[in-house]
Every structure is written in structure tokens, then in C-alpha cells.
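Take a look at the letters that make up each chain.
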Amino acid sequence: MAHTRAIPSKKILFGIDSFGDIPKDDTEKLMTHAAAIRQVIDEAVLADKLGIDVIALGEHHRSDFAISSPETVLAGIATLTKNIKLASGVTVLSSDDPVRVFERFSTVDALSNGRAQIILGRGSFTESFPLFGYELTDYEVLFEEKLELMAEVLKEKPVTWSGTVRPSLANIDIFPKTESGHIHTSIGVGGSPQSVVRTAKYGFPLMLAIIGGSPDRFIPYVQLYEEAAKQFGTSAKEVGVHSPGFIADSDKEASDTAWPAYKLYHDRIGRTRGWPKVTREQFDREIQHGSLYIGSPETVAKKIARTITLLDVSRFDMVYGFGPLPSKSRLKMIELYGKEVIPLVRKLVDEATKKTT
Amino acid sequence: MPKQIHTISILGAGKLGITIAQLALKAGYRVYIAGSGSEDKIRLSVSILAPGAVPTTTEHAAQMGDIVILALPLGKYRTIPSRKLKEKLVIDAMNYWWEVDGNADALKNPQTSTSEIVQQYLPDARVVKAISHMGYHHLRDEAQAAGAQNRKALAIAGNHRSDVEQVSEFIDRLGFDPLPIGELHNGRQLEPGHAAFGANLSKDSLASLLL
Ligand SMILES: NC(=O)c1ccc[n+]([C@@H]2O[C@H](COP(=O)([O-])OP(=O)(O)OC[C@H]3O[C@@H](n4cnc5c(N)ncnc54)[C@H](OP(=O)(O)O)[C@@H]3O)[C@@H](O)[C@H]2O)c1
């Protein structure tokens, strides 16, 4: 085994991630997009009170998600919270402009006294490409060049850059500057080895998006990240995991509440990608062996602790609220996560570390 | 006598290519693997994710394999070194994925399977469609020795019986029950939007969807 870092449990960060799915209100009606955004604000405020470390908001441009502009929502959260870090998850860099990304996040950083974070990535959907006039087939060059520029802009010094995907910059300074001189920026990666290598090349922290199948297959990816950093002479930073989940008082309540929402969510996306409809059996299997963290606080905590120790990561973000879940269950879930799951995960991780040392 | 299969070459070193390399190494095959560029670009990831596989160029890989597996984006099929694939047994594991391949009308034609388009481009190769319908994470998690309970199946479509037999044996050694479904044209049934796409099922259940 290659893992020797053994991160102490108190250093592990726990986050919640939302794409701004549309919840149901108390009368079982789907909320409006605007109400769904306000729901996320309430959830962030609750998470902050509970001491949850991060909230990350994804960027989507489709009717089933309310958040297309995560920074604006984060700005709203910024002035109502004290400690929680405010991240995107992910910012679709290929169809954005690195200069503007920096400007928006450094503004959130100002509003939040230094709590802004960026997670850059490809995202799991592609609707931003046609929307903003990019060709899907240009994905590689768009991401590669924009990442290179982003890395420069993040240094917060005058930037000189030229490439093919945006006008060049000659010794241009970008504002506002942050007080700390740096916005914490990671890259979100699915299963592509080349993306892991690229993250190491720029020395960014790595967020592994594990949205299906067992997390075990990512063990060598963490090793790849560290080895690649060595070869490039950069330094490997933190590694985190982002996976979907839902928590209720009992396993049965959790899976029975999550299933209909999950099915709607999955089948709707499946229609555009040519997947068949998802069955309850597959859902249950994914809970048992895969990457759905659904169940009672104890069940979910055990599963998270297993992943954290297995991959030796220092951050776990739970994507919550997929599909039309009742808004009340979402708030309850965050409460259980903050009050019960996180403390139990820390305890379990400590026990596992003791056993191996 | 058909040629004995000892060496597998994989064109594409991404999610699927690396997973197939891992399974093939475990089954005892010699494995060559190539990405879009030079072998240096993939050397590190191959050495860590599929240690034992030999990183190389597509040209060299195509030449070396007893079976050559296509695991690159379908939209790039015209970059496949066709002259090196004369008379070779080729497994087409590619799917038309509009989010990667863009909106390519030719690949969406409901009359032909995408594997037939690939076969037209590689007229001298023996193309068999396989290892295309199951997600790469399932391939990795579900591979099991022959006879295991709950073993999963992979469908195979090809025009020549002996090719399908050879691919069947290969798939069996990778850890899945082979399920021949007839001619290459039938590969259509495994494509996105069709019944078996995404299927992670036992042989019987898969057969009931397809046969
Ligand atoms: N992912 C799955 O679960 C799955 C399952 C079944 C079938 N498939 C099919 O398998 C294929 C690959 O998918 P993937 O998910 O593995 O994609 P991926 O992770 O993006 O990997 C694609 C690989 O192909 C390489 N490549 C690109 N252009 C090439 C070229 N002209 N010649 C040789 N290699 C080239 C890429 O190399 P560079 O990095 O150098 O560009 C990369 O290594 C697709 O056709 C897909 O539909 C995927």
C-alpha cells in the first residue's frame, strides 16, 4: 500500500455540495427556481451554525437545477455566515473566462473575509458549450489554455499570457486583489488519468468526483497524483472526494425518501445520454457497494470513514438534494450530517488510524 | 486454425482503455496501450494504473496486438492507423457520445450501427463490437472468474463466427460471460439510447433484452 499520509481526523474537512436541485415544498409542489436558490441559502446558514466546513455550489444551465451562477449565490451566503468556506463545485472553466472567474471569486472572498474557494472542472454536463458559443470538440484546448491562464491570474500579479482561445494579456493587473493573496483553487476530476496528471502539473489540490461504482478504484489515482507532482517538480496538495448522499433517521427512511427523487433525476438525465431507466435494485446496490452515501447517520458515517481511510483523503463533500426531495428532508439531512455523521466519521477515522499505526 | 491470442493492444488510454488494460493484465495477456500522442504522455499513468502494460504509439500498438481494442472517442475514428490493421481482429468498444464527439450526423444514422461505419473505415480488419455497453467502473468492479455466482455478461456482435469465438474467449478470461448477439449490424442494440446500453446484467437477463 502506498498510503502513508494518515491525515489526523481533526484536519479533515467536511462539505456539502448542491447543484440547486428543485425541492418540493411542504405542499408537495415543486419550488420555483428562485425559491430553490433561497432554500440553498437557508441550508448554508444552517450548515455554518453546525460547523460544517464548506459549501460548494455547482454551475448548471438546465431547468432541473436552479444555480447557473454559483458566485452570486455564494455572495448571498457570504454576508449571512461566519466560518463556512464558500466554494464552486465546479466552475466550468472551458466555457468561462479565467479573468472573470477570478474577479467574481475575489469579490466573494472580500464579502466573506477570505472564505472563497474555486473548484475548476469540466463539469458533468456540457450545455454551457452551445449556450456560450463553444464547440464540444474543442474541449481539450479550451480547458488546457484556460487552466494555464487561470494559474497565472491566481498569482495576483500582472499577467502576461497569449493563446488561441481568448485575447492575450500583456502585463495586465486584475482586481480586486484578495487580502490573503491567494484564492484556494482545486480541480475536480472524474475518472480520467490525464486530468489527474494535469492537476499535478499545475500543483492544484485534487477533488475526485466519485459518482458511481466503488471508491476503491481511485486508490491508484491518488498515487498517480503524488507521483506526477514529483515528476513535474510541483508539490502534491490535498486530495478530496465528492460523492452523492442522503441521510435520515433510519436506513429505510433514507432510501425510501431518496429513491423516487433519485429515479426522476437519473432517468431524466439518462434520456439525454441514452441510459436505460434505473431500477430499485441498481439503486440499492449502489448504496451497498458503490458511491451513494444513503442511510442512517451511522450507516453513512461508516461508509464515509471507509472512503476517507481507504483513499487517505483530507476532504469529503457530500452532494445532497438530488432530484425533487422535500425541502424539509434536505434541512434535516444537513442537521444529521453536522450533528451526528461528522463527529462519528472523525471517531471512526481515528480508530482506523490507530489500528494501522 | 485461428491465431492464438497472447497480445492485446488498446488504442485509447482513458477511463475505458486503462480499465481493459488492468483486466487483460490480470488475465495474463501481454498488453500494449496508446493515447493520442507519444508514449511519454501516458507513461506515468500507465505505470501506476496498469503496471506491466507497455505504453506506445497507436501505430506500434496496432501492429503488435493479436487483438486490437478501440477505446478512443468515436469521433476520432478516422485517426485509427487503418493500414496497420490489415487482417487484424479488432474490438470496437466505442460509442457515439455527443457530449464528446459533438453533433455528428453521420454517426447518428439510425440505419447503420457505428461499428459498421468503423468497419467501412477499416475494410481489411475484422471488426467485432464488444465491451461497449457497460460503464468502465462496472467493468472494473464486476469482473469475476468463470462460474462465479452473479457473473455479469458482455454482448458481442460480429460477422464471422471464428472472430466472435475468439472475442468470446477473451471476454471470458477478462471476467465476463460472453453473449454473442449475431452480426455486426446488431451492435446497434448496444448503442446509447438502446435497450442494452449501460447494462450490467447476468447473461440470462442480458439475453432477455437482446435475443
Ligand atoms: N467510460 C466508459 O465507461 C465507457 C464504456 C464503454 C465504452 N466507452 C467508449 O470508450 C471510448 C473511450 O471512452 P473513455 O471514457 O475511456 O474516454 P476518455 O477517458 O476521455 O479517454 C479517451 C482516450 O482516448 C485517447 N485518444 C483520443 N484521441 C485519440 C486518437 N486519435 N488515437 C488514440 N487515442 C486517442 C485519449 O488520449 P489523449 O488524452 O492523449 O487525448 C484518451 O486516452 C469512447 O468511445 C467511449 O464511448 C466508454
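You'll find the structure just up there.
We now turn to the structure provided with this report. Just so we're clear, the structure is a prediction, and the values are computed from it rather than from any experiment. Residue numbers restart at each chain and count upward from 1, following the sequence in its written direction. Numbering of ligands from 1 and lettering of chains from A proceed in the order in which they are written. Given that this is a predicted model, residues contribute local features only at a pLDDT of at least 70 and side-chain atom pairs are listed and counted only at 80 or more, while totals for whole chains, interfaces and linings are drawn from all residues. Excluding hydrogens and water, the side-chain values take into account all heavy atoms of the structure.

1. Considering the overall build of chain B
Part 1: Secondary structure elements follow DSSP: runs of H or I no shorter than four residues count as helices, runs of E no shorter than two count as strands, and numbering proceeds from the N terminus. Across its full length, chain B holds nine helices and eight strands.
Part 2: Throughout, the radius of gyration refers to the C-alpha atoms, and the reference size of a globule is 2.2 Å times the residue count to the power 0.38. On C-alpha atoms alone, chain B measures out to a radius of gyration of 16 Å, which is about the 17 Å that the 2.2 N^0.38 rule sets for 211 residues.
Part 3: Seen through its principal axes, chain B has C-alpha atoms that stretch 45 × 40 × 40 Å.
Part 4: With a 1.4 Å probe rolled over the protein chains alone, any residue whose accessible area is under 20% of its type maximum counts as buried; one over 50% counts as exposed, and the rest are partly exposed. Burial analysis of chain B (211 residues in total) assigns 54% to the buried set.
Part 5: Put simply, 64% of the contacts in chain B that link residues at least 6 apart link residues at least 24 apart.
Part 6: In short, Shrake-Rupley with a 1.4 Å probe defines the accessible areas, and a residue's cover is counted only from the protein chains shown. Surface exposure of chain B reaches about 9,100 Å², of which carbon and sulfur atoms provide 49%.
Part 7: This count recognises Lys and Arg as positive and Asp and Glu as negative, with His and chain-terminal groups excluded. By convention, the point assigned to a charge is CZ for Arg, NZ for Lys, CD for Glu and CG for Asp. For chain B, the distance from the average site of its 22 positive side-chain charges to the average site of its 21 negative ones is 4 Å. A contact between two residues is defined here by any heavy atoms of the two lying within 4.5 Å.

2. Let's talk about the overall build of chain A
Part 1: Across its full length, chain A carries eleven helices and twelve strands.
Part 2: Computed over its C-alpha atoms, the radius of gyration of chain A comes to 20 Å, within 12% of the 21 Å expected for a compact globule of 357 residues.
Part 3: The principal-axis extents of the C-alpha atoms in chain A amount to approximately 60 × 50 × 45 Å.
Part 4: Looking at chain A residue by residue over its 357 residues, the buried ones come to 57%.
Part 5: Sequence-distant contacts in chain A: of pairs separated by 6 or more residues, those separated by 24 or more amount to 73%.
Part 6: Total accessible area on chain A stands at roughly 15,000 Å², and carbon and sulfur atoms take up 55% of it.

3. Comments concerning helix H9 (residues 203–210) of chain B
Residue and element names in this part refer to chain B.
Part 1: Every buried residue of H9 is listed here: Leu 206, Ala 207 and Leu 210. One side of H9 carries all its buried residues, which in axial view fall inside an arc of 100 degrees. With respect to the buried face of H9, the exposed residues turned more than 90 degrees away are Asp 204 and Ser 208.
Part 2: Residues of H9 that are buried sit in contact with strand S7 (153–158) and strand S8 (177–180). Within this analysis, the arc is defined by the directions that extend from the helix axis to the C-beta atoms.

4. Some words on the interface of chain A and chain B
Part 1: Counting residues at the interface gives 31 residues for chain A, matched by 28 residues for chain B.
Part 2: With both chains or domains summed, chain A and chain B bury close to 2,300 Å², and 57% of this area falls on carbon and sulfur atoms.
Part 3: Buried area is a sum: the accessible area each of two parts loses on coming together, probed at 1.4 Å, counted once for each and added. The largest contributions to the chain A side of the interface with chain B come from Gln 194, Arg 217 and Arg 273 of chain A, which together make up 22% of the buried area.
Part 4: In the sections that follow, a salt bridge refers to a side-chain nitrogen of Lys or Arg positioned within 4 Å of a carboxyl oxygen of Asp or Glu. Linking chain A with chain B are two salt bridges, by the criterion used here.
Part 5: Contacts described as polar in this section are N or O atom pairs within 3.5 Å, which, within protein, must combine one atom able to donate a hydrogen with one able to accept it, while residues neighboring in sequence count only if both atoms come from side chains. Linking chain A to chain B there are eight residue pairs in polar contact (both at pLDDT 80 or more).
Part 6: Contributing elements (two or more residues each) for the side of chain A that touches chain B: helix H6 (193–201), helix H7 (219–232), helix H8 (251–273) and helix H9 (280–289) of chain A.
Part 7: The greatest single-element share of the side of chain A that touches chain B, amounting to seven residues, is contributed by H7 of chain A.

5. Digging into the nonpolar core
Part 1: The criterion is simple. A nonpolar core is a set of buried Ala, Val, Leu, Ile, Met, Phe, Trp, Tyr and Cys residues joined through side-chain atoms within 4.5 Å. In this structure, Ile 55, Ile 304 and Tyr 337 of chain A together with Ile 131 and Phe 170 of chain B are the most contacted members of the largest nonpolar core, which totals 144 residues.
Part 2: Those residues in contact with Ile 304 of chain A that sit more than four places away from it in its chain are Phe 14, Tyr 293, Phe 316, Met 318, Tyr 337, Val 341 and Val 345 of chain A.

6. Some details on empty space enclosed by the protein
Part 1: Here a cavity denotes grid points, spaced 1 Å and computed from the protein atoms alone, that fit a 1.4 Å probe unable to get out, and a pocket denotes an open set having protein on both sides within 12 Å along at least 5 of 7 lines; residues with an atom within 4 Å of a point are the lining. Grid points are joined across faces, edges and corners, and a volume is the space filled by probe spheres set on the points. With the rule as written, the count across this model stands at one cavity of 30 Å³ or more.
Part 2: What the largest cavity holds in volume is close to 60 Å³.
Part 3: Every residue along the wall of the largest cavity is listed here: Arg 217, Pro 220 and Tyr 221 of chain A together with Ile 18, Thr 19, Gln 22, Leu 49, Tyr 136 and Arg 140 of chain B.
Part 4: Elements with a minimum of two residues in the lining of the largest cavity: H7 of chain A together with helix H1 (15–26) and helix H7 (136–142) of chain B.
Part 5: By residue number, the principal contributor to the lining of the largest cavity is H1 of chain B, which donates three residues.
Part 6: Residue type decides the class: Asp, Glu, Lys and Arg count as charged, Ala, Val, Leu, Ile, Met, Phe, Trp, Tyr, Cys and Pro as nonpolar, and the leftover types, Gly among them, as polar. Counted by class, the lining of the largest cavity contains five nonpolar, two polar and two charged residues.

7. Quick look at the site of the ligand
Part 1: The ligand sits among 24 residues. The nearest are Leu 16, Ser 36, Leu 72, Thr 79 and Tyr 136 of chain B.
Part 2: Any residue with at least one heavy atom within 4 Å of a molecule or strand is counted as near it. More than a single chain frames the ligand: its nearby residues are located in chains A and B.
Part 3: Taking Ala 13 of chain B, its main chain carries an N or O atom lying 2.8 Å from an oxygen atom of the ligand.
Part 4: Considered on its own, the ligand offers 900 Å² of accessible surface; in the complex 82% of this is hidden by protein.
Part 5: Taken together, the residues of the shell around the ligand sort by class into eleven nonpolar, ten polar and three charged.

8. With respect to the packing of H6 of chain A against helix H2 (residues 39–49) of chain B
Part 1: Relative to each other, H6 of chain A and H2 of chain B sit at 110 degrees, their axes nearing to 10 Å. With respect to H2 of chain B, the axis of H6 of chain A lies roughly perpendicular. Classified by chirality, the crossing of H2 of chain B by H6 of chain A is right-handed. When H6 of chain A is examined against H2 of chain B, the residues Pro 193, Gln 194 and Val 197 of chain A are found in contact with a partner set consisting of Lys 41, Ile 42, Ser 45 and Leu 49 of chain B.
Part 2: Tallied by class, residues from the contact of H6 of chain A with H2 of chain B come to four nonpolar, two polar and one charged. The angle between two axes is taken between their N-to-C directions and runs from 0 to 180 degrees, where each axis is a line fitted to C-alpha atoms and a helix contributes only its stretch in contact. Should an angle lie under 35 degrees it is considered roughly parallel, over 145 roughly antiparallel, and from 65 to 115 roughly perpendicular; all remaining angles are considered oblique. By definition, any crossing whose near helix is turned counterclockwise from its far helix by less than a right angle is left-handed, and any crossing with a clockwise turn is right-handed.

9. Here we look at the sheet that holds strand S3 (residues 54–56) of chain B
Residue and element names in this part refer to chain B.
Part 1: At least two DSSP bridges between two strands are required for those strands to pair. The eight strands lie next to each other as S3-S2-S1-S4-S5-S6-S7-S8, forming an open sheet whose pairing is mixed. Here the strands that pair on one side only, and so sit at the sheet edges, are S3 and S8. Shown here is a sheet whose adjacent strand axes are inclined to one another by a mean of 25 degrees, direction ignored.
Part 2: Pairing analysis gives four bridges linking strand S5 (residues 89–92) to strand S6 (residues 126–130), with the strands arranged parallel. Note that in S6 the partner of Ile 91 across the bridge is Val 128.
Part 3: In the packing of H1 onto the sheet, the strands contacted are strand S1 (7–11), strand S2 (30–34) and strand S4 (67–70), and the crossing angle to S2 comes to about 170 degrees.
Part 4: Where H9 meets the sheet, it contacts S7 and S8, and its direction lies at approximately 15 degrees from that of S8.

10. Concerning the pattern of salt bridges
All names here are of chain A.
Part 1: A complete count under the given rule lists 38 salt bridges over all chains for this structure.
Part 2: We note a salt bridge from Asp 267 to Lys 263, for which the minimum N-O separation is 2.6 Å. In this pair, Asp 267 and Lys 263 are both assigned in helix H8, four residues apart and thus about one turn of the helix distant.
Part 3: With relative accessibility at 10%, the residue Asp 267 sits in the buried group.
Part 4: One salt bridge connects Asp 284 with Arg 280, and the closest N-O pair in it is separated by 3.2 Å. On the criterion of helical spacing, the pair formed by Asp 284 and Arg 280 is a turn pair, its members being four residues apart in helix H9.
Part 5: Ionic contacts of the salt-bridge type, sharing partners, join the residues Arg 62, Asp 64, Glu 127 and Arg 268 into one network.

11. With respect to the environment of Ser 162 of chain A
Part 1: Here Ser 162 of chain A lies in the loop between strand S6 (159–161) and strand S7 (169–172).
Part 2: Considering only alpha carbons, one finds Ser 162 of chain A and Thr 32 of chain A, 130 residues apart in sequence, at a separation of 42 Å.

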